[in-house]
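Understanding the architecture of this molecule
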Number of protein chains: 2
Amino acid sequence: MTERTDTSRVAPPLAATELTQQRPQRRRPLHEEAAERLRDMIVEGELAPGERVREQAVCDRLGLSRTPLREAMKVLAAEGLVTLQPNRGATVADLSPADIADTFKVIGALEALAGELAVERVDDDDIAEMRVLHYQMALHQTRGELPEYFRLNQRVHERLVELSGNQVLIETYRQLGGRIQRQRFVANRWAGRWEQAMHEHEQMLDALAARDGRRLADILRLHLDNKLTAVEHIDRDGRPRHDAAAD
Amino acid sequence: MTERTDTSRVAPPLAATELTQQRPQRRRPLHEEAAERLRDMIVEGELAPGERVREQAVCDRLGLSRTPLREAMKVLAAEGLVTLQPNRGATVADLSPADIADTFKVIGALEALAGELAVERVDDDDIAEMRVLHYQMALHQTRGELPEYFRLNQRVHERLVELSGNQVLIETYRQLGGRIQRQRFVANRWAGRWEQAMHEHEQMLDALAARDGRRLADILRLHLDNKLTAVEHIDRDGRPRHDAAAD
DNA sequence: ACAAAAAGATTTGCATACAATTCTACTCGT
DNA sequence: ACGAGTAGAATTGTATGCAAATCTTTTTGT
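None of these values were measured; they are calculated from a predicted model.

**Section: the relation of the copies chain B and chain A**
Superposition record for chain B on chain A: RMSD 0.1 Å, screw rotation 180°, translation along axis 0.1 Å. Taken together, the rotation and translation relating the two chain copies correspond to the operation of a two-fold axis. Minimal C-alpha distance to the rotation axis in chain B is attained by B:Glu71, lying at 2.5 Å. A shared interface surface links the copies, since 87% of the contact residues of chain B are contact residues in chain A too.

Pasting the structure below:
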């Protein structure tokens, strides 16, 4: 479904001379690049949720014309990152708390499925690799290195889904994950819930190593539910709410 | 959101003569319409899986220019219905057996989640409605009315997912369903597996009425697995394979 | 005759121009 | 003051032209 870079093409005949790194590698379509840049801008909050996105303004910003930008916007809309209204332009998707909760529920179900499929396929090598990731994450946790911890955390989940071997699942998981990347990005500043999360991750690893798909699935669902609870206690500026602390 | 027919504008001065059906009702963007038409063309096989889609050809066919068509193609690509290769055009997505199996697995997990969520929300009215759909379907089954049976079948599943109340789930389910609509369309000609499917549907209805989410989820997963098996026994011309009959 | 190279024809990618629609600010009548 | 109506600006939607890349056919060297 996703296009892959085909490197099997014959090399251009003029490759003999000294190569400047001035690669003619501008083979990348502008609309793709635009889509990527827009995703980043949304995740990092340069475009705020609910904000109107005027085509010409973004074109000036990115240095391209409206045609490829509009193509990129259609893609982002299909991914759920922006909302399009005919003749009335685009706005950055503004997820309601319900939307976020719904998204976590679905992601939870997907990860649970991933777990059940993964236990049927993993070899000892895969598990060893997961163990490495896990203990790297644990190390960052004890050191209080927040960004690295979060990055590893996400890697662990992504890797587990990959281990399912189900291409459609992987793709769907990535797409939904993309919608809440901003929430994750923001949550990146808050350190709550470390111990519980690590404990759950340990159980995940155990269940995976024991090839207990049912248990792994259950843990994952629970883990995602808890993750949602944590996110719900963070306002959109990335600070924990005062009302309750869930850890 | 709600589009209203704006009659407050001054009428075009040449409206007096007999109206061709050329309604000024062009509120709908062409790229949307194009996307819809393309989806239909793919589902109905007018564009065959793996077939190259040349822009100009489709534009002539649909009577529009390349700009809106290209926007529509990006959407279809994001939906997984076509595959885009930079500078080399688009082809209708050609799902491998593995892709189809993967898709059914994910859909199964989504429906299972839908079931668990639905039992928490449905009222007696909803259940009564599901019962009506179910018995309509049963009637079509006993009468051997294949297309109507399939249509109702799909309605039942779609309705169940709707009853989950989870917007993200509904959306994701529809998108994945769209990818295998062609398989469903083709399967429409084959009548196998009626009794078993109806039996499973009956169990689904029971579990829903009993608000037994866990059981409903299990039935749904099983049901989808069986559906996959059935689809796997149909070649792409819509005829059952001779090697084995699963009912 | 055959492979490599070159020339020509298609096809895709992007920018621009213009039409259609919506948005904004203003006028006018009560 | 105030809302309906209206000109003008701003914004989106679509068509077209041209450049870049790819595909096809022809040519050329051995």
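After that view of the structure, there is still more to cover.
**Quick notes on the protein's contact with DNA strand D**
Neighbouring DNA strand D are 20 residues, the closest being A:Arg27, A:Arg66, A:Arg70, B:Leu30 and B:Ser65. In the model, a sugar or linking oxygen of DNA strand D is placed 3.4 Å from a nitrogen or oxygen of the A:Arg52 side chain. Taking B:Leu30, its main chain carries an N or O atom lying 2.3 Å from a phosphate oxygen of DNA strand D. Counting only elements with at least two residues in the surface near DNA strand D, the list comes to strand E1 (52-53) and helix H3 (66-79) of chain A together with helix H1 (30-43) and helix H3 (66-79) of chain B. Counting residues per element, the surface near DNA strand D draws most heavily on H3(B), at 3 residues. For the surface near DNA strand D, the residue count by class is 6 nonpolar, 6 polar and 8 charged.

**Quick notes on the sheet that holds strand E2 (residues 82-85) of chain A**
Residues and elements named next belong to chain A. Taken in spatial order, the 3 strands make up an open sheet running E1-E3-E2, and their pairing is antiparallel. Because the sheet does not close on itself, it has two edges, and the strands there are E1 and E2. Judged from the 2 bridges that link them, E1 and strand E3 (residues 89-92) form a sheet pairing that is antiparallel. In the strand pairing of E3, Arg-52 is matched with Thr-91.

**A word on the interface of chain B and chain A**
If you look at the interface, chain B gives 39 residues, while chain A gives 38 residues. Summed over both sides, the interface of chain B with chain A buries roughly 3,100 Å², with 58% coming from carbon and sulfur. Broken down residue by residue, the surface that chain B buries against chain A is led by B:Glu71, B:Lys74 and B:Val168, which jointly contribute 17%. For the pair chain B and chain A, the interface holds 6 salt bridges. A salt bridge links B:Arg179 to A:Glu171, with the nearest nitrogen and oxygen atoms 3.1 Å apart. Counting the contacts that link chain B with chain A gives 8 residue pairs in polar contact (both at pLDDT 80 or more). Counting residues per element, the side of chain B that touches chain A draws most heavily on helix H4 (residues 97-119) of chain B, at 9 residues. Partitioning the side of chain B that touches chain A into residue classes produces 15 nonpolar, 10 polar and 14 charged.

**Observations regarding the protein's contact with DNA strand C**
If you check the shell around DNA strand C, you find 19 residues, and the closest are A:Leu30, A:Ser65, A:Thr67, B:Arg66 and B:Arg70. In DNA strand C, atoms within 4 Å of the protein come from the sugar-phosphate backbone in 70% of cases. A:Arg88 has a polar side-chain atom sitting 3.2 Å from a phosphate oxygen of DNA strand C. At a separation of 3.3 Å, a phosphate oxygen of DNA strand C approaches a polar backbone atom of B:Glu55. Looking at the surface near DNA strand C, the elements with two or more residues in it are helix H1 (30-43) and H3 of chain A together with strand E1 (52-53) and H3 of chain B.

**Re the pairing of strand E2 (residues 82-85) of chain B**
All names here are of chain B. Pairing of E2 with strand E3 (residues 89-92) involves 4 bridges; the strand directions are antiparallel. Across the sheet, Thr-83 pairs through a bridge with Thr-91, a residue of E3. Hairpin remark: E2 followed by E3, antiparallel, with 3 residues in the connecting loop; positive phi at Asn-87, about 65°.

**Quick word on the packing of aromatic side chains**
All names here are of chain A. Applying the stated rule across the entire model yields 4 aromatic pairs over all chains. Judged by centre distance (4.5 Å) and plane angle (10°), the rings of Tyr-149 and Trp-194 are stacked. Of this pair, Tyr-149 sits in helix H6 (residues 146-163) while Trp-194 sits in helix H9 (residues 194-209), placing them 45 residues apart in sequence. Assigned by exposure class, Tyr-149 and Trp-194 land together as buried. By way of ring pairs, the aromatic residues Tyr-149, Phe-150 and Trp-194 are connected into one cluster.

Conventions and cut-offs
- Residues numbered from 1 in each chain as written.
- Chains lettered and ligands numbered in written order.
- Predicted model: local features only at pLDDT ≥ 70, side-chain atom pairs only at ≥ 80, totals over all residues.
- Heavy atoms only, no water.
- Least-squares fit on C-alpha atoms with pLDDT ≥ 70 in both.
- Contact = heavy atoms within 4.5 Å.
- Near = heavy atom within 4 Å.
- Polar contact = N/O pair within 3.5 Å; in protein donor to acceptor, adjacent residues only side chain to side chain.
- Helix = DSSP H or I, 4+ residues; strand = E, 2+ residues; numbered from the N terminus.
- Nonpolar A, V, L, I, M, F, W, Y, C, P; charged D, E, K, R; others polar.
- Pairing = 2+ DSSP bridges.
- Buried area = accessible area lost by both parts, 1.4 Å probe.
- Salt bridge = Lys/Arg side-chain N within 4 Å of Asp/Glu carboxyl O.
- Phe/Tyr/Trp six-rings, centres within 6.5 Å; stacked < 30°, edge-to-face > 60°.
- Buried < 20%, exposed > 50% of the residue type's maximum accessible area, 1.4 Å probe, protein only.

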